[in-house]
Structure formats: C-alpha cells, structure tokens
Amino acid sequence: MSIVDIAREKALEQGIGLNEEELLQVLQIPDEQLEEIADIAHQTRLKWCGPDVSVEGIISIKTGGCPEDCHFCSQSGLFESPVRAARLNIPELVEAAKKTAKTGATEFCIVAAVKAPDENLLSQVAEAIPAILDEVDIEISLSLGTLTREQAQRLKDMGAQRYNHNLETSKSFFPNVVTTHTWEERKETLENVRAVGMEICSGGIIGMGESLEDRAEFAYQLAQIEPCEVPMNFLDPRPGTPFADYPLVPLGEALRAVAAFRLAMPSVTLRFAGGRELSLGDDGTEKGLLGGINAIIAGNYLTTLGKQIEKDVDMLGRIDLPIKAL
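Residues numbered from 1 in each chain as written. Predicted model: local features only at pLDDT ≥ 70, side-chain atom pairs only at ≥ 80, totals over all residues. Heavy atoms only, no water.

Since the α-helix packs 3.6 residues into each turn, any two residues three or four apart lie on the same face. With 13 residues, helix H4 (residues 90-102) ought to run about 18 Å at 1.5 Å a step, and its terminal C-alpha atoms sit 19 Å apart, in line with that. Every buried residue of H4 is listed here: Ile90, Leu93, Val94, Ala96, Ala97 and Thr100. Axial view of H4: buried residues confined to an arc of 160 degrees, hence all on one face. Looking at H4, the residues exposed on the side facing more than 90 degrees away from the buried face are Pro91, Lys99 and Lys102. Downstream of H4 by one or two residues, glycine 104 has phi in the positive range, about 100 degrees. (Helix = DSSP H or I, 4+ residues; strand = E, 2+ residues; numbered from the N terminus. Expected span 1.5 Å × (residues − 1). Buried < 20%, exposed > 50% of the residue type's maximum accessible area, 1.4 Å probe, protein only. Arc of directions from axis to C-beta.)

Another point: the UniProt feature "binding site: [2Fe-2S] cluster" (unreviewed entry) in the protein chain. Using the residue numbers shown here, the UniProt feature "binding site: [2Fe-2S] cluster" (unreviewed entry) corresponds to Cys109, Ser141, Cys201 and Arg271. What stands out for the annotated residues spanning 163 residues is how close their C-alpha atoms remain, the widest pair being 14.0 Å apart. You can see cysteine 201 is positioned in strand S6 (residues 199-201). The exposure class of cysteine 201 is buried, given its relative accessible area of 5%. In this structure cysteine 201 touches Arg162, Tyr163, Asn164, His165, Leu190, Glu229 and Pro231, once residues within four positions along its chain are discounted. With respect to the secondary-structure elements, arginine 271 resides in strand S9 (residues 269-272). According to the relative accessible area criterion, arginine 271 is buried, its value standing at 1%. In this structure the side chain of arginine 271 is engaged in a polar contact, spanning 2.7 Å, whose partner is the side chain of glutamate 229. (UniProt positions renumbered as here; feature names shortened; annotations may be inferred. Contact = heavy atoms within 4.5 Å. Polar contact = N/O pair within 3.5 Å; in protein donor to acceptor, adjacent residues only side chain to side chain.)

Within the largest apolar cluster, 96 residues are counted, with the highest numbers of intra-cluster contacts made by Ile132, Leu142, Leu155 and Phe261. When residues in this core are grouped by element, the largest group, nine residues, is from helix H9 (residues 251-264). Among the nonpolar cores identified, the runner-up in size contains five residues, and Ile58, Cys109, Ala273 and Ile297 belong to it. (Core = buried A, V, L, I, M, F, W, Y, C linked by side-chain atoms within 4.5 Å.)

Locating alanine 244 in the fold gives a position in the loop between strand S8 (229-234) and H9. With a relative accessible area of 26%, alanine 244 lands in the partly exposed category. Placed 172 residues apart in sequence, alanine 244 and phenylalanine 72 show a C-alpha to C-alpha distance of 7.7 Å. Excluding its chain neighbours within four sequence positions, the residues that come into contact with alanine 244 are Pro237, Arg238 and Pro239.

Below, the discussion takes up the pattern of salt bridges. Scanning the entire structure with this criterion turns up 22 salt bridges. A salt bridge links aspartate 236 to arginine 238, with the nearest nitrogen and oxygen atoms 3.1 Å apart. Each of Glu56, Glu107, Arg162, Glu199, Glu229 and Arg271 takes part in salt bridges that share partners, so that together they form one network. (Salt bridge = Lys/Arg side-chain N within 4 Å of Asp/Glu carboxyl O.)

Packing of helix H2 (residues 20-27) against helix H8 (residues 212-225) leaves a shortest axis separation of 8 Å and a crossing angle of 130 degrees. The angle between the axes of H2 and H8 places the two elements in the oblique class. The interaxial crossing formed by H2 with H8 has right-handed handedness. Seen from H2, the contacting residues are Glu20, Leu23, Leu24 and Leu27; seen from H8, they are Leu212, Glu213, Arg215, Ala216, Glu217, Ala219 and Tyr220. Residue composition of the contact of H2 with H8, by class: seven nonpolar, no polar and four charged. (Axes fitted to C-alpha atoms, helices over the stretch in contact; angles between N-to-C directions. Parallel < 35°, antiparallel > 145°, perpendicular 65-115°, else oblique. Left-handed = near helix turned anticlockwise from the far one by under 90°. Nonpolar A, V, L, I, M, F, W, Y, C, P; charged D, E, K, R; others polar.)

With six of six residues buried, S8 lies mostly within the body of the structure. Burial of S8 is two-sided: the residues Glu229, Pro231 and Asn233 facing one way and the residues Val230, Met232 and Phe234 facing the other way are all buried. The pairing of strand S7 (residues 204-206) with S8 spans three bridges and is parallel. Of the residues in S8, the one forming a bridge with isoleucine 206 is phenylalanine 234. (Pairing = 2+ DSSP bridges.)

Quick look at the structure:
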C-alpha cells in the first residue's frame, strides 16, 4: 500500500496518527505527489478539527538575558546577538491583550526568556492574569521555562489554561541544538503541566540541520505526548547565534513537514509560528492552511517581525476559512 493510501486510511478515515516509518515516507514524498498528500492532510484536519482557524497573539514579559544556550535563539545571554534584556509592566500586558483580542484572536500567550520562573516572575504573572481577564475575554497561555509540579499547580490556580514548553526537535538531535539542559528535562515539565490539568502546548523548529529521519522521529515523539497544541516554527537564522548562517527551509520541505505533523496528530491544533513568512511566504502560508495547519500566531513574534494581523485575517477570508470564536 502506498503512503498516500496509508495516510488516507489511517489518519483521514480513522483519526489514527502515522508511525515514525510512515512519517518519514511523507517527508520523502516526490514532488508529483506533494499536492495529493497535502490535500489528505487538509481533509484530515477538517474532519478531526473542523474548519475554524485559531488565532493567537504572543507577548514577551521578559526579553533577553536567558542563561540557556539554545542555538537558534537571540535571547540567550551567551551569544553576541542584538537582543537586550527588557521587562514589561502590567498595564502594558493588559493593553497588548486588548489589541490581540480586537483582531479576533482567542488566545494570548505570555512568554519569558528564562530557564525557569523565579518568585519575582511568578508574582508578576499572578498579578497580570486577573488584570487581563478583568478587561479582556481571552484565554491565557504561559511559557516561562521549566516547571516543578508545584509551580505548575500555582500557574493553573492563577487562571492559566495552557502552558507552552517546546521540545524543539527530536530526542536524538536535541544535543546539537541545546547543551545547557536535556530533552528529558523539557519532557518532565510537560508531564508536570499535564498532572495539574493544564493543557499542553509543545512543538519546535524545522530547519536546524536535522535530517528527515530526525523530523519523523520528532513528529512521532510529539504525538506520544498528546499535546493540545503544536506550534510549528521554521528557522529564522538570527545574527550572533550559532545557527546564524543556516539556510532557510525550502517551501516544498516546509509543506511536507506540515503534512507529516498533521498526519502524525490528526486532531491537534497545529499552529504556524515563527519563520513562516520567510520559508513559506504568502503563497506557502495559504498552502499550509490548506495542507494541515489550523492555527496561526498573528502579528510579531518574540524577537522577529511577523505579518500584520489584518493581512492574516484578510488571507483567511480569501481562502474561506473562519476564525475560531471563544
């Protein structure tokens, strides 16, 4: 049976994710079959997730000066990169949440460049969440680094619905990307998040020098964690980082990756995140939304520019996909 037939039977018809070997076949599919596998991924997304596109805005509460050495990240304090440390106050966070909600976004994610949250950061978040929810009807997500079970419970009690902690890449390839902590440490945080009843958001970055085998392994490992949401980033090489000179992911590779991740996780919220503007452009972004993606981060990212939110909303109207409402 061909991989196209397997994908149609397992993912589309039964809602069962493909295994690692099958995902590798998707990533290796020839150009003449790319449109067909992308359509199966899109039909899988429509059947198991519905037509709505979830829109999210993100904001950094603490930027730069991170002690970790994630080789893709210009927020590491260990690299000669141009991002300098900065913090936002509560009124700025509330205002950012208001602007996000006005675009039709249903989710607002507060991010901090830290290994783990300290008491000062936890106190600031504890103040920020009720201040935002008091004025804005929006779901709050957090991304504050590694968590203990107790910290996860505190964040849940504060009103956070979802926690983002990206695995970034496959377990096998991870040491090529980060050396200051392990893949297992990241997985442990996700287990703590699940244990207290918060939703798991975990994805990673395509294009950090990994092989197609690594991508298949990564998609399969993510599926085993059963996240609620998976952000798909494509490497945007940042000056001063170890990956500064890496090439962009070609469009065809990016679309194969989108299809593979959807076919690995038929019912997950699969969200376009950083780097899509470079690797996919407008045309590729539309193809991705018709090839397995069902969510986007609109506006700017943490240290890189995104697309104007209004342009994304116009694009969704053009390809006849509704924006998810709360």
